Amino acid sequence: MTIKPLFTLKQALKNLWRNRLMSIASISSVTATLLILGIIFALILNINSIAQSAKDKFDSIQAYLVDELPAEEIDSIMKKIEAIEGVSEVKYESKSDALTKMKSQWEDNGYLLDGLEENPLPSSVIIYLDDIYYAQNVLERIQNINGIEEVKSYQDIVERLLSITEAIRKAGVVIIFVLIAISTFIIHNTIKLTVNSRNREINIMKYVGATNWFIRWPFLIEGTLLGFIGAMISTGFIKLMYDYVFKAIHSDFYVFISAYVVTPSVLMKDVIFLFLVIGVGIGALGSLWSMRKYLNV
Amino acid sequence: MIEFQNVSKKYDNGVLALDRINVTIEKGEFVFIVGPSGAGKSTFIKSILKEVNVTSGNIVVDDMDITKLHRRRVPYLRRKVGVVFQDFRLLPNKTVYENIAFAMEILGTPHRNIRKQVPMILALVGLTGKGNFYPNQLSGGEQQRVSIARSMINNPPILIADEPTGNLDPDTSWEIMKVLRTINRRGTTILMATHDREIVDIMKKRVIALENGQIARDEKVGVYGYDD
């Protein structure tokens, strides 16, 4: 079977132009679907990234010790904590360690701390967990140990972040599926117009013994092209929008979260791939669907 | 070449279009299928093309049992059976040449061969030099010849003609019959459904008459035998 790709492509473009109103409708629906998908995708990606870094940072518990505890006592506290299920590592942080750490965090303003006559920071034990799942249990056990003054954990924040991510992801999937179905339906209708106008030709082709794929091929190209164009347009839109948002977040005011925001180049790499696959998929599906009736003779 | 073995076809609406048909058509035969409207002629023809799936019995075409032929293999069956219709079914926006070449392109014939064979088939049906005309520039008879040329271009062993003269005046009809006879003499088996008494009576070929889905007559040299 000789399939002339260039000729078929030209033919497909001609047909799309002939039914341009429906073509525009199809392309817009694919574009809209992918735009919404892109926005949800960008949201999920960023929340994931924030949640991940939060998790990495906060999967430890800091237990502040009562001041001036003798070394043996600290030792025994650490042993007790190590014995708790889910604890992977226990580290001692002395008063001076804490001060050094604070100085480095304050960066240029660190000199302010030099004026302190006495180190006000407590010594502490940092407890690393195997998994955030153990946090609640470990917390309860630590609080009962003598010599521990206060326990600080970020469990709540991490859990809330994770539940938000999950909710967005679930809602996103539902919305996306509905939109994909709608776009497929619109493309199906567009291609049906060309199929209808070439009904006679298809009929003759069948009598002369053309295989179904031979007949389907040009229509498949048409539908795929619609999806492809939609994917390209929406990729462009997402790029413009995300660049804008990214720049806005990077203005001084939001600096503290900007470190967690996914950069446009990372996002676009995924988006281009995702959009092409889904756009072309919607197009192909829509056109195959519109051919079904005509090929069952 | 074509064999019906106890073939019945009952449509979903309860109509029994073919009722235990047994018939054998040999290679190179010219057969008329006659009978009143609704006698099962169309179903008979369509079942050979597998446009209609029979309810029971077997149909053998060119040594192949097509009864259980997979849907995807049907195109290959149709390449063995050329079809000509009463309404010509030409593509109006393609020239005569393109209409015929189209049937070859579908099979992936190289352009070199197409350019060589289309003029040959045009000569066979008596349309030499009309390759660049569009269907609406031709008379009905000429259009039917184009459609015969298209159905024969890939050299199928069987040609089915469904009332090919139904839309034509008697003189033109005879020209078409001459073309079909020529094709038949070259060895193609021809099955022609018709209502044209004069043609059937004068051609003196085998006649199969269908009535109520059954074979009412099957004569080696038959006549039309109905009063219309």
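Each remark here, short or long, concerns the structure printed above.
The structure presented is a predicted model; accordingly, all values stated were derived computationally and were not measured. (Residues numbered from 1 in each chain as written. Chains lettered and ligands numbered in written order. Predicted model: local features only at pLDDT ≥ 70, side-chain atom pairs only at ≥ 80, totals over all residues.)

Enquirer: Sorry if this is basic, but what is going on with the overall build of chain A here?
Expert: Within chain A, the secondary structure is distributed over 10 helices and 4 strands. When the helices and strands of chain A are read in sequence order from the N terminus, they spell out α-α-β-α-β-α-β-α-β-α-α-α-α-α. Here chain A holds 297 residues, and the buried ones make up 27% of them. (Helix = DSSP H or I, 4+ residues; strand = E, 2+ residues; numbered from the N terminus. Buried ≥ 20, exposed ≤ 12 C-beta atoms within 10 Å, placed from the backbone.)

Enquirer: When you look at the nonpolar core in this model, what are you seeing that I'm missing?
Expert: Side chains of a nonpolar character, in soluble globular proteins, are inclined to be buried together. Residues and elements named next belong to chain B. Residues I33, I100, A149, I160 and I190 are the most contacted members of the largest nonpolar core, which totals 71 residues. Take this core: its biggest share by element is 7 residues, from helix α3 (residues 96-106). What A149 contacts, discounting residues up to four positions off in sequence, is I100, I121, L122, V125 and L127. (Core = buried A, V, L, I, M, F, W, Y, C linked by C-beta atoms within 7 Å. Contact = placed C-beta atoms within 7 Å.)

Enquirer: What should I look at first to understand the packing of α3 of chain B against helix α5 (residues 140-152) of chain B in this one?
Expert: Between two packed helices, what matters for the description is the angle formed by their axes and the separation of those axes. Residue and element names in this part refer to chain B. Remark: α3 packs on α5, axes separated minimally by 8 Å, with the N-to-C direction vectors making an angle of 25 degrees. Between α3 and α5, the crossing angle belongs to the class labelled roughly parallel. Considering only the axes of α3 and α5, their crossing is right-handed. The segment α3 lies against α5, with V96, N99, I100 and A103 engaging V146, A149 and R150. (Axes fitted to C-alpha atoms, helices over the stretch in contact; angles between N-to-C directions. Parallel < 35°, antiparallel > 145°, perpendicular 65-115°, else oblique. Left-handed = near helix turned anticlockwise from the far one by under 90°.)

Enquirer: Mind showing me how you'd approach the sheet that holds strand β2 (residues 16-25) of chain B here?
Expert: Two modes of strand pairing occur in sheets, parallel and antiparallel, and in both the strands are linked by backbone hydrogen bonds. All names here are of chain B. As summarised here, the arrangement of the 4 strands in space is β2-β1-β4-β5, forming an open sheet in which the pairing is antiparallel. At either end of the open sheet lies a strand with only one pairing partner, and these are β2 and β5 (64-65). Two strands pair when backbone bridges link them, and strand β4 (residues 56-61) and β5 are joined in this way by 2 bridges, in the antiparallel orientation. Note that in β5 the partner of V61 across the bridge is M64. Against the sheet, helix α1 (residues 41-48) touches β1 (2-10), β2 and β4, its axis set at about 120 degrees to β1. (Pairing = 2+ DSSP bridges.)

Enquirer: Just checking my understanding: could you explain the sheet that holds strand β8 (residues 189-193) of chain B for this structure?
Expert: Residues and elements named next belong to chain B. Across the sheet, 6 strands lie side by side as β6-β7-β8-β3-β9-β10; this open sheet has mixed pairing. The open sheet has two edge strands with one neighbour each: β6 (81-85) and β10 (214-219). For this sheet, the mean inter-axis angle between neighbouring strands, taken without regard to orientation, is 20 degrees. Where strand β7 (residues 158-162) and β8 come together, 5 bridges link them in parallel fashion. Within the sheet, the bridge partner assigned to I158 lies in β8 and is T189. Sheet strands in contact with α5 are β6 and β7, and its direction is about 165 degrees off that of β6.

Enquirer: How should I be thinking about the packing of α3 of chain B against helix α4 (residues 111-124) of chain B in this particular structure?
Expert: Residue and element names in this part refer to chain B. Interhelical geometry of α3 versus α4 gives an angle of 120 degrees and a closest axis separation of 10 Å. On the basis of the axis angle, α3 is oblique to α4. With respect to the hand of their crossing, α3 and α4 are arranged in right-handed fashion. Residues Y97, I100, A101 and M104 of α3 form the contact with α4, whose participating residues are I114, V118 and I121. In terms of residue class, the contact of α3 with α4 is built from 7 nonpolar, no polar and no charged. (Nonpolar A, V, L, I, M, F, W, Y, C, P; charged D, E, K, R; others polar.)

Enquirer: Explanation requested: the pairing of β10 of chain B in the structure shown.
Expert: When a strand is regular, its side chains alternate between the sheet's two faces. Residues and elements named next belong to chain B. For strand β9 (residues 206-211) and β10, the ladder comprises 5 bridges, and the chain directions are antiparallel. Bridging from a neighbouring strand, E211 pairs with Q214 of β10. What sits between the antiparallel neighbours β9 and β10 is a turn of 2 residues, in which N212 has the positive phi angle 50 degrees.

Enquirer: I'm lost on helix α6 (residues 170-185) of chain B in this one. Help?
Expert: Structural remark: α-helix, 3.6 residues per turn; residues separated by three or four positions point the same way. Residue and element names in this part refer to chain B. Relative to the 22 Å expected for 16 residues at 1.5 Å per residue, α6 spans 22 Å between its end C-alpha atoms, a close match to the ideal helical length. Those residues of α6 not exposed but buried are S173, I176, V179, L180 and I183. Viewed end-on, α6 has its buried residues packed into an arc of 120 degrees, placing them on one side of the element. Turned more than 90 degrees away from the buried face of α6 sit P170, D171, K178 and R185, all of them exposed. Tucked inside the fold, the buried residues of α6 contact α5, β7, β8 and α7 (197-203). G187 sits one or two residues past α6 and shows a positive phi near 110 degrees. (Expected span 1.5 Å × (residues − 1). Arc of directions from axis to C-beta.)

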